Structure formats: C-alpha cells, structure tokens
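Structural features, examined
Listed here are the chains, written in short residue letters.
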Amino acid sequence: MSCFDSVDESAHYGASVCLLLDRYRSLLRWEEAGVVELGTGDAAAIAEVVAGLPGLRVHGYDISAAAVERARANIAARGVADRYTVEHGDFFDQADAAGGPAVTTAIANPPYIPAPDGDILMPELWGGVHGNDLLLRLLKAGYDHVVAAVASYADPAATLATATDLGYRVVNFLAMGLDYGRYSGEPKVRDHIRRICAAGRGWTGDDEYVVAVALFSRDPDVPGDRSAQLLGALQLG
Ligand SMILES: C[S@@+](CC[C@H](N)C(=O)[O-])C[C@H]1O[C@@H](n2cnc3c(N)ncnc32)[C@H](O)[C@@H]1O
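Please read these numbers as outputs of a predicted model, since none were measured by experiment. (Residues numbered from 1 in each chain as written. Predicted model: local features only at pLDDT ≥ 70, side-chain atom pairs only at ≥ 80, totals over all residues.)

Here we take up the overall build of the protein chain. A count of helices and strands for the protein chain gives nine helices and seven strands. Against the 2.2 N^0.38 benchmark of 18 Å for 237 residues, the protein chain shows a C-alpha radius of gyration of 17 Å, consistent with a compact globule. The principal-axis extents of the C-alpha atoms in the protein chain amount to approximately 45 × 40 × 30 Å. In the protein chain, the proportion of contacts linking residues at least 24 apart, taken out of those at least 6 apart, comes to 78%. (Helix = DSSP H or I, 4+ residues; strand = E, 2+ residues; numbered from the N terminus. Rg over C-alpha atoms; globule rule 2.2 N^0.38 Å. Contact = placed C-beta atoms within 7 Å.)

Spelled out as structure tokens, the structure:
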C-alpha cells in the first residue's frame, strides 16, 4: 500500500487552491454546499487550507487505503476533522451520491502520470496513455467550477480544448516549475513522456516540467478567459 508523496507539488496545489478559493469566494459561493475533492492523498496541504479559510468544508475521496489512513490522521492533527472528511473509494462512484445540496465546486490534484499502462510505481497515479484521463473525467462530471492541476506533459492542449467544448473557461491559474520526482522519473514513465511530448502531446524539459493549478468555470457570472495564457505558461522544452 502506498501514498502519494511529493512535497513541492502538494504545497503548490494547496497554496493555489487557497488563493483561488479565497480570491473568487463571492463568485463561487463554496460556503453554501462545500467542496468535493478527487484524490486527497495525505490531505496535509488541503488541511492547512481548511484551517485558514473558515467556512470551507471539503469532502474528499481517495482510492488508496494508505492515503485515507494518513489523511484522517493529518486532518485530526490539524484540528479540522469537523470540516474536512475523507472517504475510501472512487470519487466518480460516490461524489454524485453524496446527498444534500448540490456541490458546485470540485478540487483535485488528479493522477496525471502518462504511461502505456497502469503498471507503474504507484498505479493509482496513472492518468492514462496521455495522462489527462482523470482530469477529463472530472471536467465531464458536471461541476460548475473545477480547481485542478494541469501538467505540461499530460496533453494540456487537448484538455483545454475539451474544457472549452464543455463550456468551461480558465478563469485564472498559478503555474510552477517542478523537477521530475520519483513517479515521473521512473524510466518507463520518463521514456513515455519523451515520446508523447515529441508527438506534440505536451511539453517537458530534460528533468523538469510545469504544473498549473487552474480554476475552470462554466458559470457566466464568473468572468475571465485565460486559456491561451495557461497554454503559454505550460510550454517548455
Ligand atoms: C497526485 S495525487 C494527489 C494527492 C494530494 N491531493 C496532494 O496533492 O498531495 C492523486 C491522488 O488521487 C488518488 N486517486 C486516483 N484515482 C482516484 C479516484 N478515481 N478516486 C479517488 N481518488 C483517486 C490517488 O490515490 C492519489 O492519492
């Protein structure tokens, strides 16, 4: 049993979610029904966000039992167990059946490791052949607002084209350069990333890439359309 572990990436995800939820609070109105999360991992970064944003409630899911165990411990240690809950299971099976008022905002640092198959260091991080399967599924799940990590080597142009087709705009985003870690640096994954980027399905440096945490919205009351800037920020190599 394993649990996702990438300190810089989780810190960027947490800080970006915090800034975007805070900045767009009055437009997203997440206080009303809370927020759902695809893939809590150890929950440490988002537990800080919940602690710092009174009124924020997060209901997360993770398919990794080890992650859920750690998440619950971290959430309790941060003192936010009343506002951040985690269930063991597939986000897509359970999120829509959560009951209560319809949740309109989803957050995720989704699995985005591209590989020919799921036989990789941590299979739970497999994002399909081009890395964006889970993000595309999340965008198709029907939330008005999605705050999600977009990786430069996981076919972001196709992701943004699909988002546009689904009626989403990129309202804003925060981008950060990251070094290849243990998951993207696995030889089978590294070679595959090189191949798909050479084929025009994304961008990578020798041992680095870019992740942007973006706010997608399909609500006409939330202004902004920065899809082109986001695509520009993800291009390197
Ligand atoms: C990239 S990690 C992010 C973890 C954490 N949010 C962070 O940023 O530190 C993605 C997480 O999604 C989980 N996951 C993968 N597929 C899932 C699914 N269908 N439903 C719920 N969780 C899933 C994995 O087990 C993993 O913990």
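The next thing to look at is the site of the ligand. Taken together, the neighbourhood of the ligand is formed by 20 residues, with Ser 10, Gly 39, Gly 41, Asn 109 and Glu 124 sitting nearest. Within the residue set of the shell around the ligand, elements represented by two or more residues are helix 1 (7-23), strand 2 (58-62) and helix 5 (91-94). Considering only residue class, the shell around the ligand consists of eleven nonpolar, six polar and three charged. (Near = placed C-beta within 6 Å. Nonpolar A, V, L, I, M, F, W, Y, C, P; charged D, E, K, R; others polar.)

With that out of the way, let us pick up the sheet that holds strand 5 (residues 145-151). With respect to topology, seven strands assemble into an open sheet ordered 3-2-1-4-5-7-6, the strand pairing being mixed. What marks the edges here is a single partner per strand, and that holds for strand 3 (84-88) and strand 6 (169-179). Averaged over all adjacent pairs, the angle separating strand axes in this sheet is 20°, with direction ignored. Across four bridges, strand 1 (residues 35-38) lies against strand 2 in parallel orientation. Residue pairing in the sheet places Leu 38 in a bridge with Tyr 61 of strand 2. Here helix 3 (residues 44-52) sits on the sheet in contact with strand 1, strand 2 and strand 3, set at roughly 150° to strand 3. (Pairing = 2+ DSSP bridges. Axes fitted to C-alpha atoms, helices over the stretch in contact; angles between N-to-C directions.)

For the rest of this paragraph, the subject is the packing of helix 3 against helix 4 (residues 65-78). For the pair helix 3 and helix 4, the least separation of the axes is 9 Å and the interaxial angle reads 30°. When the axes of helix 3 and helix 4 are compared, the pair comes out roughly parallel. With respect to the hand of their crossing, helix 3 and helix 4 are arranged in right-handed fashion. The residues of helix 4 that touch helix 3, namely those facing Ala 44, Ala 47, Glu 48 and Ala 51, are Asn 74, Ile 75 and Arg 78. (Parallel < 35°, antiparallel > 145°, perpendicular 65-115°, else oblique. Left-handed = near helix turned anticlockwise from the far one by under 90°.)

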